[in-house]
Structure formats: C-alpha cells, structure tokens
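Now for the letters of each chain:
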Amino acid sequence: MSGVLSSTTKTPVQLAALIVGAVFLLIGILGFIPGITTNYGQMQFAGHESGAMLLGLFQVSILHNIVHLVFGVAGVLLARTWAGARGFLLIGGIIYLVLWLYGLFVPHGGGANFVPFNTADNWLHLVLGVVMIALGAMGTRARLQHRLDAH
C-alpha cells in the first residue's frame, strides 16, 4: 500500500511546478477574455502596438497569451516527475530573468519589443524568475537532504 501512495505522492518541487504551470494556463486563458483583458479590441498578434492589458496592468498580445499557455502546459506535464519539475522551474526561471533583462534594455515602444511587455511585465518577470529558481533550488536541496537522511 505504501508503494502505491509513494508513486502517486508528489514531491514539493513537483507540486510547485504543477501550481506554477496551472497559474500560467490560467493567465493564458484570462488573456483571451474581454473585460479581464482591457482594450481587448486593440490586441494584436505580436508587437508593442498591442493595446490589450491583462487585468488593466500587463501588456499582452495573442503571441504573449499563447506563450503563457504553452508554458503552462509544459509546467503541468513536467510536474509528473521530480527531474522534469525541477528543470521546468530552474530553466523557466532563467528564461524569465533573461526576459527581465531584455525588458530593461529593449525600448518598450521599439520594434524589438515583439512579445510585448511594459514596466509591470518587467517587474513580474523578475519576480517570476527569482521565485521559480528558488522553488527549483529548494526542491533540489530537500531531495538531497532526504537522500542524506536515508543513508
């Protein structure tokens, strides 16, 4: 019986990846809902010209919403294993830190701002990057401690 429970019990890093993935899925869906996304009629496929704002704060486009959906699916699927969940959180966190840096150096109104993003998005990317890396690292530390305790 305990073997059955242990095979279905998720580790903390798997739960974190599952939750992060589910949140990304939710955000991706909400980005396509008028009212939750203000200026919905101004949404463009990509680029800084998109006037749509998720929750009236975060600049989004169709591409931006699709990226959230894909990231969410990846998180949910990769949460099935400890290694997948850890990889999703660490690599995803690095990606978000790179996006934060990109947002710092690329002018918001410039053509290179193809995602699109604004100042609120930049701060969110920083927080997401740090939190995801911390969750992945804490999961690694907990697993190593568990292995040490078992010996």
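Relevant structure appears above.
These notes cover the structure that comes with them. None of these values were measured; they are calculated from a predicted model.

Focus: the sheet that holds strand S3 (residues 58-59)
Step number 1: Taken together, the 3 strands give an open sheet; going across it, the order is S1-S2-S3, and neighbouring strands pair in antiparallel fashion. Two strands in the sheet have a free side with no partner beyond their single neighbour: strand S1 (37-38) and S3.
Step number 2: Examined bridge by bridge, S1 and strand S2 (residues 53-54) share 2 bridges and lie antiparallel to one another. When the sheet's bridge partners are listed, Thr38 is paired in S2 with Met53.

Some remarks on the side chain of Gln59
Step number 1: Mapped onto the secondary structure, Gln59 falls in strand S3.
Step number 2: For Gln59, a relative accessible area of 9% gives the class buried.
Step number 3: Of note is the side chain of Gln59, whose polar atom sits 2.8 Å from the backbone oxygen of Ser50.
Step number 4: Beyond its immediate stretch of four places on either side in the chain, Gln59 contacts His48, Ser50, Ala52, Met53, His64, Pro116, Phe117, Asn118 and Asp121.

Topic: helix H2 (residues 12-30)
Step number 1: Over its 19 residues, H2 extends 27 Å from the first C-alpha to the last, a length consistent with the 27 Å expected when each residue adds 1.5 Å.
Step number 2: Among the residues of H2, those classed as buried are Val13, Gln14, Ala16, Ala17, Val20, Gly21, Phe24, Gly28 and Leu30.

Reading guide: rules and limits
- Residues numbered from 1 in each chain as written.
- Predicted model: local features only at pLDDT ≥ 70, side-chain atom pairs only at ≥ 80, totals over all residues.
- Heavy atoms only, no water.
- Pairing = 2+ DSSP bridges.
- Helix = DSSP H or I, 4+ residues; strand = E, 2+ residues; numbered from the N terminus.
- Buried < 20%, exposed > 50% of the residue type's maximum accessible area, 1.4 Å probe, protein only.
- Polar contact = N/O pair within 3.5 Å; in protein donor to acceptor, adjacent residues only side chain to side chain.
- Contact = heavy atoms within 4.5 Å.
- Expected span 1.5 Å × (residues − 1).

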